[in-house]
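Listed here are the chains, written in short residue letters.
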Amino acid sequence: MGFIKRHYEKILLSLVLLGLAAAAAWLTVKVGAVKKELGEEKQKLNLPGGAPENFTSAQELVQTLTLVSNPPPVELDGPHLLFNPVLWKQRPDGTIFPIRTGSEAGVGALKVTAVKPLSFTIKFDKASGSSPDRMRYAFDFHEQDAVDNRGRPAKPKKKYASVGGKLGDWPFGEATVAMELKEAQGDPLAPTGFVFGLKDADGQDMTETISFTVDAPYEEVRQHLIDLQYEPTNTDFKDQREGDKITLDGESYNIVAISEVQIVLSAERNRKRYVIPIESASGTVP
């Protein structure tokens, strides 16, 4: 009894070491058994007809195990729209359709079908007179973007002037200037070209001039006319220009800008702006 009291620590440590040795031996045997079992299962998979029941091939089993161990993420949003139901609208014929991408109705479904530039042009018409120093020339001024008192497109206006004579006030860029015939190029009886001088609103001579030939009139694009089509209601909006208003599904939109590449609409209800590319046009009217 005295021996145990004197050496109980050593006896306890010896028992712990024996336990660890037994555990190590058991783990060695167990690892070997598991390796052997895995090898047998692998061999079964590689043998013809070795796939477990309910699987047509070993490859299908491997694919299934891979899918189970790496499940795909759950899609809460997407084409199914389970948690984000779409808006449905009704056509005039009574059929209803879903708004999935935003391009099925409203501004997103509006297409530009044709574009026509509206220009300010100056074209030589004819010369009159019997001598070079007494010649008078006629020009057609056409503001294609202007309208008359009845809202109809303005017709060309004819102006006459000798060299040094005035031709009236006309648009030039974003300003209105006074034009005068500064020079008739070539033979005065049969000129080949002309140069117009310009005066600003204060009557001062401007550095810019307008030059054009008999065969190539002066042209400055001022606006564009566009044709729009709204497929959901099969509606066409012809010859629309800046400032016009269109209505889509009860919503009104103002056409605030038209360029060569896009048009800009503004919703009348909330002033939200929408841009429609001109590239969607099926054809451009020259």
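Just so it is clear, the structure is predicted and the values come from calculations on it, not from any experiment. (Residues numbered from 1 in each chain as written. Predicted model: local features only at pLDDT ≥ 70, side-chain atom pairs only at ≥ 80, totals over all residues. Heavy atoms only, no water.)

Student: What exactly am I supposed to notice about the pairing of strand β10 (residues 218–230) here?
Tutor: Both faces of the sheet carry side chains from a regular strand, because those side chains alternate between them. Pairing geometry for strand β3 (residues 110–128) and β10, over 12 bridges, is antiparallel. Each bridged residue has a counterpart across the sheet, and for Ser119 the counterpart in β10 is Val221. In the sheet, β10 pairs with strand β11 (residues 235–240) via 4 bridges, with the strands oriented antiparallel. Within β11, the residue paired with Gln229 across the bridge is Asp236. (Pairing = 2+ DSSP bridges. Helix = DSSP H or I, 4+ residues; strand = E, 2+ residues; numbered from the N terminus.)

Student: For this particular structure, what's the right way to read the sheet that holds strand β9 (residues 205–213)?
Tutor: One key point about sheets: their strands pair by backbone hydrogen bonds, in either a parallel or an antiparallel sense. Taken together, the 4 strands give an open sheet; going across it, the order is β6-β7-β8-β9, and neighbouring strands pair in antiparallel fashion. In this open sheet, the two edge strands, each paired with only one partner strand, are β6 (166–172) and β9. Averaged over neighbouring strand pairs, the angle between their axes works out to 35 degrees when direction is ignored. Pairing geometry for strand β8 (residues 190–199) and β9, over 6 bridges, is antiparallel. Considered in β9, the bridge of Gly193 is made with Thr213. (Axes fitted to C-alpha atoms, helices over the stretch in contact; angles between N-to-C directions.)

Student: In this structure, what is going on with a nonpolar patch on the surface? I would like to understand it.
Tutor: Where nonpolar side chains cluster on the molecular surface, the patch consists of Leu12, Leu13, Val16, Leu17 and Leu20 and spans about 500 Å² of accessible area. As for its position among the elements, Val16 is in helix α2 (residues 8–46). (Patch = residues over 30% accessible without salt bridge, like charges linked within 9 Å, V, L, I, M, F, W, Y side chains within 5 Å. Areas by Shrake-Rupley, 256 points an atom, 1.4 Å probe, with all protein chains shown as cover. Salt bridge = Lys/Arg side-chain N within 4 Å of Asp/Glu carboxyl O.)

Student: Could you clarify how one ought to interpret the environment of Val264 in this entry?
Tutor: Structurally, Val264 is set in strand β14 (residues 262–267). The spatial distance from the C-alpha of Val264 to the C-alpha of Pro277 is 8.9 Å, given a sequence separation of 13 residues. Setting aside anything within four residues of it in sequence, one finds Val264 in contact with Asn254, Ile255, Val256, Ala257, Arg273, Tyr274 and Val275. (Contact = heavy atoms within 4.5 Å.)

Student: Help me out: how do you make sense of the pairing of strand β13 (residues 251–258) in this one?
Tutor: As paired strands, strand β12 (residues 245–248) and β13 are joined by 4 bridges and run antiparallel to one another. Its bridge partner being in β13, Thr247 is matched across the sheet by Ser252. Connecting β12 to the next strand, β13, in antiparallel fashion are 2 residues, including Asp249 with a positive phi near 50 degrees. Counted along the chain from β13 to the antiparallel partner β14, the turn is 3 residues long.

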